[in-house]
There are 2 protein chains.
Amino acid sequence: MNSGSTRIHSVSLIQPDGGKLIELFIEESQRELKREEANKLPQIKVNKIDIEWVHVLSEGWASPLKGFMRENEYLQTLHFNCIRIDDGSFVNMSVPIVLAIDDLKKDEIGGVTSVALVDDENNPIAILSDIEIYKHNKEERIARTWGTTAPGLPYVDEAITHAGNWLIGGDLKVIDPVKYHDGLDRFRLSPAELRDEFTRRNADAVFAFQLRNPVHNGHALLMTDTRRRLLEMGYKNPILLLHPLGGYTKADDVPLHWRMKQHEKVLEDGVLDPETTVVSIFPSPMHYAGPTEVQWHAKARINAGANFYIVGRDPAGMGHPLEKRDLYDADHGKKVLSMAPGLERLNILPFRVAAYDKTKNGMAFFDPSRPQDFIFISGTKMRTLAKNKENPPDGFMCPGGWKVLVEYYDSLASAENGRVAEPVPS
Amino acid sequence: MNSGSTRIHSVSLIQPDGGKLIELFIEESQRELKREEANKLPQIKVNKIDIEWVHVLSEGWASPLKGFMRENEYLQTLHFNCIRIDDGSFVNMSVPIVLAIDDLKKDEIGGVTSVALVDDENNPIAILSDIEIYKHNKEERIARTWGTTAPGLPYVDEAITHAGNWLIGGDLKVIDPVKYHDGLDRFRLSPAELRDEFTRRNADAVFAFQLRNPVHNGHALLMTDTRRRLLEMGYKNPILLLHPLGGYTKADDVPLHWRMKQHEKVLEDGVLDPETTVVSIFPSPMHYAGPTEVQWHAKARINAGANFYIVGRDPAGMGHPLEKRDLYDADHGKKVLSMAPGLERLNILPFRVAAYDKTKNGMAFFDPSRPQDFIFISGTKMRTLAKNKENPPDGFMCPGGWKVLVEYYDSLASAENGRVAEPVPS
């Protein structure tokens, strides 16, 4: 997948946005040449989150975007959550994918048309050409993306507040595919690789499940039940894309390493069927921008070949940073998703609420006719149990998965007590 | 026009959004019946701005909206600035048209399906049926509409901050057409009446000029020049819709009465040709929401039959309430307008910059090859001159129009000095 700049995947899977998957890699034979070229260009040092976006763009998750947004794309994203393409139709694009520079860097770039993106050690990562520099109105960007400007939004604090006052857009070409060398690169399948995998498995439906939390048996029930429903609808071989988000997450989320270990246990323990499940990492950073961001999560999965998207309560939501309430209405995510321009081809599958059924000693879909039989185990409750090394009710989560969580919180406590944190179990 | 609820205007003018102009009046023969019905329903007392929106909705400016927005329309407006209609296409809708109620009123309404909207004296104005009540998240509404939550936004202070925590949507039927009895109702032509007028004049192009300020000769030059360009393009009879906004405006804008008097003088003095100009009042309240609001201003004029829309620098903009800068980028309005979903059929005509040309003693399009010959007369400069009863350079504004402005600021000064303000000159 990394050998050419553009590839058309024309299997029976859902077509990528804009009709073809746009990859932004420089051909292997050209890389040295381009590296030398990059060394002569003005250089923009990019940070960890910028590199995650370079990764996202280069593999075509944001197809048909060809690089960091120019102003026309940025304004359409902010105002319409979608971008008009050449044939007059819309593709969804709800989250700005932009690169900020400061005044000094803008002056340094001056009138040149291409720049190099370099890492911490000044190694060239990519070339941005036919550039356009425009104002970075942070307040407006934040307000229109998050629907609030309250201080304390994690992505804003991490990536916007201290960023430069200018944005630079242009056509991106990546010299070497982005790798993290963290033992998890093998899980980072690109949209093209996922499409190949779904094709290899003869999938006639792909249903994506975005997550950034440990999988419990309620999730598993939902995924298993979705497959059952798709079979009932006449599909012969629906494949689940279990797709944890791998980019930036806030400090109190369970880190990717631990989540991946937990997900592996869930598959090992047979809670999900490996034959019909592809576990992969979605490289995007997390905005926590609720109904705006869930569109991005869904749109990117179209490009990876998914034609069904499972959406839960309050997707990409969090607590309001200042007020004692959720930042977003829990139902807005699925409502906005079902109405979003550019997502017409995607089948939205709203989450059914699962809870612990005391009569079955396991997770089951909530039955409103006998509420007294159910216990809702919140994320907070789950964390408290794991931190205290207590067990949840039998059947809440597979024992292997639960053990990983307990280990994670134990490692946190050790670190807090001044002991060296245990290494991530491999 | 007020006799039926829906009328189709199928002349050669641009079609209204959704294909037909939707008026929301109760037929004259049914009014007494409906008034009696309204008297038995739960009552919502509406304020001045609410009534302006009832006016806007009832005449079809927001067609195909059939009443105050339900949540699905509200969410599409906030997130996409457009609404999907039954045939799958989009109509533009950038500003929420919503009615707020408080907790007490929500409880009082309970489970009924229709409510009456009543004025200050409890006279029924309209019936809202098949109602839906949903949360009014003010912070999110403000952030997504204005791109800021800074305190001091005029419409927010006036109409949102102290409004209730719930929104009520539904199908609106207006019992009596909204009238203001202020001597200006004759200028308040509905979209249907404007369409009839354009048809009567055999217009083959209608170009709309939205304004909320006095007309100076730079505006006049622009409008005259636009007509010239349209004739060059092959149109035989382009008609100008000079369309001052008549609803709520902020305290330091020139009030509607004075503006209308000034506009009349401009026509009397022959600056604009009455044969090819229709002066009418656009009943909408003003949001000052820049690129978001300019879409509403343009969309509403499609419904009134305009197929060309003149857009200036920083439309619907204002200074940032807290920072020393404009709230919006001056170019974003025209950029957003030219890309907005649902406005594809409207021809956007960007403003050419006019300034006072010292070599011609009059307003002319700015010529960048001889900048020294031009003076820019800002709104602030104009106000200062008028307040001091000084004259602007000859040719800046017709003398009759200028005299109206001087009278207005004189009346303000008198009021400030404790004298009774002069009545509005009729």
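Residues numbered from 1 in each chain as written. Chains lettered and ligands numbered in written order. Predicted model: local features only at pLDDT ≥ 70, side-chain atom pairs only at ≥ 80, totals over all residues. Heavy atoms only, no water.

Student: What exactly am I supposed to notice about the overall build of chain A here?
Tutor: Across its full length, chain A holds 13 helices and 17 strands. Here the C-alpha radius of gyration of chain A, 22 Å, is about what a compact globule of 426 residues would show, namely 22 Å. Expressed as lengths along the three principal axes of its C-alpha atoms, the size of chain A is roughly 70 × 55 × 40 Å. Of all 426 residues assigned to chain A, the portion counted as buried reaches 59%. (Helix = DSSP H or I, 4+ residues; strand = E, 2+ residues; numbered from the N terminus. Rg over C-alpha atoms; globule rule 2.2 N^0.38 Å. Buried < 20%, exposed > 50% of the residue type's maximum accessible area, 1.4 Å probe, protein only.)

Student: In this structure, what is going on with the packing of aromatic side chains? I would like to understand it.
Tutor: Think of a pair of aromatic rings as described by two things: how far the centres are apart, and how the planes are tilted against each other in angle. Counted by the stated rule, this structure contains 27 aromatic pairs over all chains. On the basis of an interplanar angle of 50° and a centroid distance of 5.3 Å, the ring pair of Phe 366 of chain A and Phe 376 of chain A is categorised as tilted. Taken together, the positions of Phe 366 of chain A in the loop between strand 16 (362–365) and strand 17 (374–375) and Phe 376 of chain A in the loop between strand 17 and helix 12 (379–387) put the pair 10 residues apart, joining distant regions of the chain. Overall, the relative accessible area of 29% leaves Phe 366 of chain A in the partly exposed class. Ring pairing ties together the aromatic residues Trp 53, Trp 61, Phe 282 and Trp 296 of chain A, which thus form one cluster. Positioned over the ring face of Phe 282 of chain A is Arg 301 of chain A, at 3.9 Å from the centre of the ring. Looking at Lys 106 of chain B, its charged tip hangs above the ring of Trp 166 of chain B, at a distance of 4.3 Å from the centre. (Phe/Tyr/Trp six-rings, centres within 6.5 Å; stacked < 30°, edge-to-face > 60°. Lys NZ or Arg CZ within 6 Å of the ring centre and 35° of its normal.)

Student: When you look at the nonpolar core in this model, what are you seeing that I'm missing?
Tutor: Nonpolar side chains in soluble globular proteins tend to be buried together. Core analysis: the largest hydrophobic core is formed by 170 residues, its most contacted members being Trp 296 of chain A together with Trp 296 of chain B. Those residues in contact with Trp 296 of chain B that lie beyond four places of it in its chain are Trp 53, Val 56, Trp 61, Ala 62, Asn 92, Met 93, Ser 94, Val 95, Ile 97, Phe 282 and Ser 284 of chain B. (Core = buried A, V, L, I, M, F, W, Y, C linked by side-chain atoms within 4.5 Å. Contact = heavy atoms within 4.5 Å.)

Student: Explanation requested: the interface of chain A and chain B in the structure shown.
Tutor: Interfaces are often sized by the amount of accessible area the parts lose when they come together. With 36 residues of chain A in contact, the opposing surface of chain B contributes 37 residues. Here chain A packs against chain B, burying approximately 3,200 Å² in sum over the two surfaces, 49% of which is carbon and sulfur. When the area that chain A buries against chain B is broken down by residue, the three leading residues are Phe 80, Arg 144 and Met 339 of chain A, summing to 22%. Scanning the region where chain A abuts chain B turns up 8 salt bridges. In this structure, Glu 344 of chain B engages Arg 84 of chain A in a salt bridge whose closest nitrogen and oxygen atoms are separated by 2.9 Å. For the pair chain A and chain B, the interface holds 23 residue pairs in polar contact (both at pLDDT 80 or more). Grouping the amino acids of the side of chain A that touches chain B by side-chain chemistry returns 13 nonpolar, 13 polar and 10 charged. (Buried area = accessible area lost by both parts, 1.4 Å probe. Salt bridge = Lys/Arg side-chain N within 4 Å of Asp/Glu carboxyl O. Polar contact = N/O pair within 3.5 Å; in protein donor to acceptor, adjacent residues only side chain to side chain. Nonpolar A, V, L, I, M, F, W, Y, C, P; charged D, E, K, R; others polar.)

Student: It is not clear to me how the sheet that holds strand 9 (residues 166–174) of chain B should be interpreted in this structure. Could you clarify?
Tutor: Paired through backbone hydrogen bonds, the strands of a sheet run either parallel or antiparallel to each other. Residue and element names in this part refer to chain B. The 5 strands are arranged 3-7-8-9-6 in an open sheet whose pairing can be described as mixed. Pairing within the sheet leaves two strands with one partner each, and these edge strands are strand 3 (43–45) and strand 6 (100–101). Relative to strand 9, strand 8 (residues 124–135) runs antiparallel, the two sharing 8 bridges. Bridge pairing in strand 9 links Ile 133 to Ile 168. Packing against the sheet, helix 2 (residues 48–59) makes contact with strand 7 (115–118), strand 8 and strand 9, and its axis sits at approximately 50° to strand 9. (Pairing = 2+ DSSP bridges. Axes fitted to C-alpha atoms, helices over the stretch in contact; angles between N-to-C directions.)

Student: Can you help me understand the relation of the copies chain A and chain B in this one?
Tutor: Between the two chain copies there is a screw-like relation: a rotation about an axis and a shift along it. The operation relating chain A to chain B is a screw motion whose rotation component is 180°, with 0.0 Å of axial translation and a residual RMSD of 0.0 Å. On the angle and the small slide along the axis, the relation comes out as a two-fold axis. (Least-squares fit on C-alpha atoms with pLDDT ≥ 70 in both.)

Student: Mind showing me how you'd approach the domain arrangement of chain A here?
Tutor: All names here are of chain A. Splitting chain A by domain gives domain 1 (28–174) and domain 2 (185–352). Listed as interface residues are 31 residues of domain 1 and, on the opposing side, 35 residues of domain 2. In total, domain 1 and domain 2 occlude about 2,700 Å² of area from one another, counting both sides; carbon and sulfur atoms represent 67% of this. Seen at the junction of domain 1 and domain 2, the total is 0 salt bridges. On inspection of domain 1 and its partner domain 2, the count reaches 16 residue pairs in polar contact (both at pLDDT 80 or more). Broken down by secondary-structure element, the contributors of at least two residues to the side of domain 1 that touches domain 2 are helix 2 (48–59), strand 5 (90–92), helix 5 (138–146) and helix 6 (154–160). (Domains from an automatic or database assignment.)

Student: Help me understand the UniProt feature "domain: Sulphate adenylyltransferase catalytic" (unreviewed entry) in chain A, please; the structure alone is not making it clear to me.
Tutor: Mapped onto this numbering, the UniProt entry gives "domain: Sulphate adenylyltransferase catalytic" (unreviewed entry) at residues 186–408 of chain A. Strand forms 16% of residues 186–408 of chain A and helix 36%; the C-alpha atoms that close the span are 22 Å apart. (UniProt positions renumbered as here; feature names shortened; annotations may be inferred.)

Student: Looking at this structure, I do not really get the environment of Asn 47 of chain A. What am I missing?
Tutor: Residue and element names in this part refer to chain A. Topologically, Asn 47 is positioned in the loop between strand 3 (43–45) and helix 2. Residue Asn 47 is classed as partly exposed on the basis of its relative accessible area, which comes to 39%. Along the chain, Asn 47 and Asp 120 lie 73 residues apart, while their C-alpha atoms are 7.5 Å from each other. In this structure the side chain of Asn 47 is engaged in a polar contact, spanning 3.1 Å, whose partner is the backbone nitrogen of Ile 49.

Student: I would appreciate a short explanation of the state of the cysteines in the present structure.
Tutor: Note: disulfide means a covalent bond formed between the sulfur atoms of two cysteine side chains. For the structure on display, the rule yields 0 disulfides over all chains. No disulfide involves Cys 82 of chain B; its nearest neighbouring cysteine sulfur is the one of Cys 82 of chain A, lying 5.9 Å away. What makes Cys 82 of chain B buried here is its relative accessible area of 0%. (Disulfide = S-S within 2.5 Å.)

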